[in-house]
Amino acid sequence: MASASSLLSEEQFLCSICLDVFTDPITTPCGHNYCKACITHYWDTNDVCQCPLCNKRFVKRPEIFVNTFISEMVDQFRKSKQIKKTSNAIQEPAKPDEVCCDICSENKLKAVKSCLVCLTSYCETHLEPHQRVTAFKRHKLIDPVKNLEDLMCKKHDRPLELFCKTDNVCVCQFCTESDHKLHKIVSLKEEYDGKKAELGKTEAEVQQMIQERQEKIQEVKHSVELSKKDADREMADSVQVFTALVSCIERSQAELFDVIEEKQKTTEKQAEGFIKELEEEITELKKRSSELKQVSHTEDHLHLLRNFPSINIPPPTKDWTKVNVHRSSYVEIVSTAVAQLEKTLSQEMKKLGDELRRIQQYAVDVTLDPDTAHPNLILSEDGKQVSHGDVKKTLPKNKERFSNKYTVLGKQSFSSGRFYYEIQVKGKTGWLLGVARESVNRHQELIGWEIGLKKGNEYYSSAADHPVLLLTVREKLQKVGVFVDYEEGLVSFYDVEARVLIYSFTGCTFTEKLYPYFNPHSNQSGKNSVPLTISPVSIP
């Protein structure tokens, strides 16, 4: 018997409205065929109910039903077209790692489906009966797999379509009636969906762990980079200081040599003067000696007696018994030079060991954030000064703004490394300075790690995990330096003028961004009106 595709052409299965193969074909009373949706829409959009082809009018809209005969013919026509298209398509031979069609005899083609009922894998061509024959349509088709026998129950030779949650194994229908009769049984799909959801959750957790570790790697690398920068900076500073020390030693040595040489020249000049005087006296004495010899050898008694008074008196000379050329003592000179050198070296070493000087290398530029400022605070245009005002301003409400304390945060945040900044507090009778976490409650009393001044002369420190302590300072603070080492969990405060540490919070745990914060306190009727000022850092 000839198939529908051999007796009819495609034009005979086309709807005259959509010009495509019929979908749910219906027949009008006049005998013409249309898609059910097409004719319904046509009648809904026209005032007159008539046939689009013959224009036959209907007094009442006909009740329409799907023409089962034509519908089956259309279905067979579509399937035959698909089969023909599939058979005409070029199918590739199966690769070594792909599932082969079990029906192909010579040139094994790639399987596109496997049947759990037939326990056979099919290519496009040999799969056609499962798409056409009603009995085969009921078979369970899955993506092609090798070793289909593994999907069958070894005991009952039935498909493993169920899952026993009690024993955590796949079972067939017969298993649920015997060995697993009282066990909790679910479908493979249900268990698959559950396990897939668990795997998705686990995968998400794994990805989160991977991301956290990648972020940690970046954090470690960043810390290493910061450490290297610190090491390079310290090495450069050390080279500079030790070069200065060597230069100082060489200069002191040259100065010492100059002093010794000058001393020696003075000694030699003095000795030359003594020698010249002695030689002149020797010449004069030799002359007198000659005269004495000459008179003493004369036979003329009268001549001897006449000259005796003048030549018998020794010529005037210097008493050289108390004259000495002392050797210069260089011990004192060297000792003085060494003492001066020690003083100079001590000053240079003090610079090298100046903790604050090293910390000031981490200076950052901090400006005030007006979006966080309490309504009573007055900020300068450059964001470097803050003071308390008597009038409470009307400002936009936001979650960042402080409402309980006269506080403002810095715009800059820090989540790694080290940073340092300085604040001028000169002339104030009360203030509070420190750093706070990003998540700080903007409406509570305690902010973060802080030191402050109250009553004009009481300095104190406070933090959530530290008791309030009164601090002792040598002199009234003029400028305060704030230093934070994020990785070390360190917050330190310095007296910039005296260059000494005021107080340090150690062992802190930082897990989020840190912000500098400032509280100028109430102006106390003008007694505390001087602003807090963020000062540029000057390294000596």
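The model shown is predicted, which means the values in this text are computed figures rather than measured ones.

J.: If you had to explain the overall build of the protein to someone new, which residues and values would you point to?
T.: Within the protein, the secondary structure is distributed over nine helices and 21 strands. For 540 residues, the compact-globule estimate of 2.2 N^0.38 gives 24 Å, and the protein exceeds it by more than 25% at 55 Å. If you line up the protein on its principal axes, its C-alpha atoms span 195 × 80 × 60 Å. Of the contacts formed within the protein by residues at least 6 apart in sequence, a portion of 57% connects residues at least 24 apart.

J.: Explain the pattern of salt bridges to me, using residue names and the numbers behind them.
T.: Taken as a whole, this structure holds ten salt bridges when the rule is applied. Measuring nitrogen to oxygen at the nearest pair gives 2.2 Å for the salt bridge that ties Lys-195 to Glu-191. Of this pair, Lys-195 and Glu-191 both sit in helix H6 (residues 188–296), four residues apart, which is roughly one turn of that helix. Ionic pairing is found between Asp-485 and Arg-418, a salt bridge with its closest N-O pair at 2.9 Å. One end of the pair, Asp-485, is in strand S17 (residues 479–485); the other, Arg-418, is in strand S12 (residues 418–424), and 67 residues separate them in sequence. The class of Asp-485 is buried, set by a relative accessible area of 6%.

J.: Lay out the nonpolar core with the relevant residues and their values.
T.: Trp-431, Trp-449 and Phe-518 are the most contacted members of the largest nonpolar core, which totals 36 residues. By size, the runner-up hydrophobic cluster in this structure holds 17 residues, among which are Phe-22, Cys-38, Cys-51 and Phe-77.

J.: Please provide a residue-by-residue account of the sheet that holds strand S6 (residues 162–164), values included.
T.: Read from one edge of the open sheet, three strands run S7-S6-S8, paired in antiparallel fashion. In the strand order of this sheet, the two ends are held by strand S7 (169–171) and strand S8 (185–187), each with one partner. Taking the axes of each pair of neighbouring strands and ignoring which way they run, one obtains an average angle of 40 degrees across the sheet. With respect to the sheet, H6 is in contact with S6, S7 and S8, its orientation differing from that of S8 by roughly 85 degrees.

J.: For the sheet that holds strand S11 (residues 408–409), give the residues involved together with the corresponding values.
T.: The six strands are arranged S11-S20-S13-S14-S15-S16 in an open sheet whose pairing can be described as antiparallel. Two strands lie at the open edges of the sheet, namely S11 and strand S16 (466–471), each paired on one side alone.

J.: Pulling in residues and values, what's your account of the pairing of strand S21 (residues 532–535)?
T.: Because side chains alternate across S21, one face comprises the buried residues Leu-532 and Ile-534, and the other comprises Thr-533 and Ser-535, equally buried. As defined by bridge partners, strand S10 (residues 385–388) adjoins S21 across two bridges and the pair is classed as antiparallel. In the sheet register, Val-386 faces S21, and the bridge partner there is Leu-532. In terms of strand pairing, S12 meets S21 through three bridges, oriented antiparallel. Counted as the bridge partner of Glu-422 is Ser-535 from S21.

J.: For the confidence of the model for the protein, give the residues involved together with the corresponding values.
T.: Summing up the model confidence of the protein, the mean pLDDT is 84 and the portion of residues at 70 or higher is 92%. Contacts for the low-pLDDT stretch residues 1–7, under 50 throughout, to residues beyond four places or in other chains number six contacts.

J.: Can you break down the packing of aromatic side chains residue by residue, with the values?
T.: Per the counting criterion, the structure on display carries eleven aromatic pairs. Pairwise contacts between aromatic rings join Phe-414, Phe-419, Tyr-421 and Phe-518 into one cluster. Above the ring of Tyr-460, the side-chain terminus of Lys-454 is found at 5.3 Å from the ring centroid.

J.: Break down the environment of Ile-359 for me, with residues and values.
T.: Within the secondary structure, Ile-359 is located in helix H9 (residues 355–359). Along the sequence, Ile-359 and Thr-321 sit 38 residues apart, while their C-alpha atoms lie 68 Å from each other. Once residues lying within four places of it in the same chain are set aside, the contact partners of Ile-359 are Tyr-420, Phe-483 and Tyr-494.

J.: With reference to specific residues and values, describe a negative patch on the surface.
T.: A contiguous patch of negative charge, built from Glu-255, Asp-258, Glu-261 and Glu-262, is present on the exposed surface. Look at Glu-261 and you get partly exposed, because its relative accessible area is 46%.

J.: Talk me through the environment of Gln-173; I want residue IDs and the actual numbers.
T.: One can find Gln-173 in the loop between S7 and S8. Looking at Gln-173, the relative accessible area reads 40%, which means it is partly exposed. Distance from Gln-173 to Cys-123, taken between C-alpha atoms, is 29 Å for residues 50 residues apart in sequence.

J.: Explain helix H2 (residues 36–44) to me, using residue names and the numbers behind them.
T.: Within H2 the residues assigned to the buried category are Cys-38, Ile-39 and Trp-43. Take H2 and look down its axis: the buried residues cluster within an arc of 125 degrees, on one side only. Pointing more than 90 degrees away from the buried face of H2 are the exposed residues Ala-37, His-41 and Asp-44. The secondary structure elements touched by the buried residues of H2 are strand S1 (25–27) and strand S2 (33–35).

J.: Describe in detail unusual backbone geometry, supporting the description with residues and values.
T.: The backbone of Asp-24 shows a phi angle near 50 degrees, a positive value even though the residue is not glycine. Mapped onto the secondary structure, Asp-24 falls in the loop between helix H1 (4–7) and S1. One non-glycine residue, Lys-455, lies in the positive phi region at around 60 degrees. Tracing the sequence through the fold places Lys-455 in the loop between strand S14 (449–454) and strand S15 (458–463).

About the cut-offs
- Residues numbered from 1 in each chain as written.
- Predicted model: local features only at pLDDT ≥ 70, side-chain atom pairs only at ≥ 80, totals over all residues.
- Heavy atoms only, no water.
- Helix = DSSP H or I, 4+ residues; strand = E, 2+ residues; numbered from the N terminus.
- Rg over C-alpha atoms; globule rule 2.2 N^0.38 Å.
- Contact = heavy atoms within 4.5 Å.
- Salt bridge = Lys/Arg side-chain N within 4 Å of Asp/Glu carboxyl O.
- Buried < 20%, exposed > 50% of the residue type's maximum accessible area, 1.4 Å probe, protein only.
- Core = buried A, V, L, I, M, F, W, Y, C linked by side-chain atoms within 4.5 Å.
- Pairing = 2+ DSSP bridges.
- Axes fitted to C-alpha atoms, helices over the stretch in contact; angles between N-to-C directions.
- pLDDT = per-residue confidence, 0-100.
- Phe/Tyr/Trp six-rings, centres within 6.5 Å; stacked < 30°, edge-to-face > 60°.
- Lys NZ or Arg CZ within 6 Å of the ring centre and 35° of its normal.
- Patch = residues over 30% accessible without salt bridge, like charges linked within 9 Å, V, L, I, M, F, W, Y side chains within 5 Å.
- Areas by Shrake-Rupley, 256 points an atom, 1.4 Å probe, with all protein chains shown as cover.
- Lys, Arg positive; Asp, Glu negative; His and termini not counted.
- Charge placed at Lys NZ, Arg CZ, Asp CG, Glu CD.
- Arc of directions from axis to C-beta.

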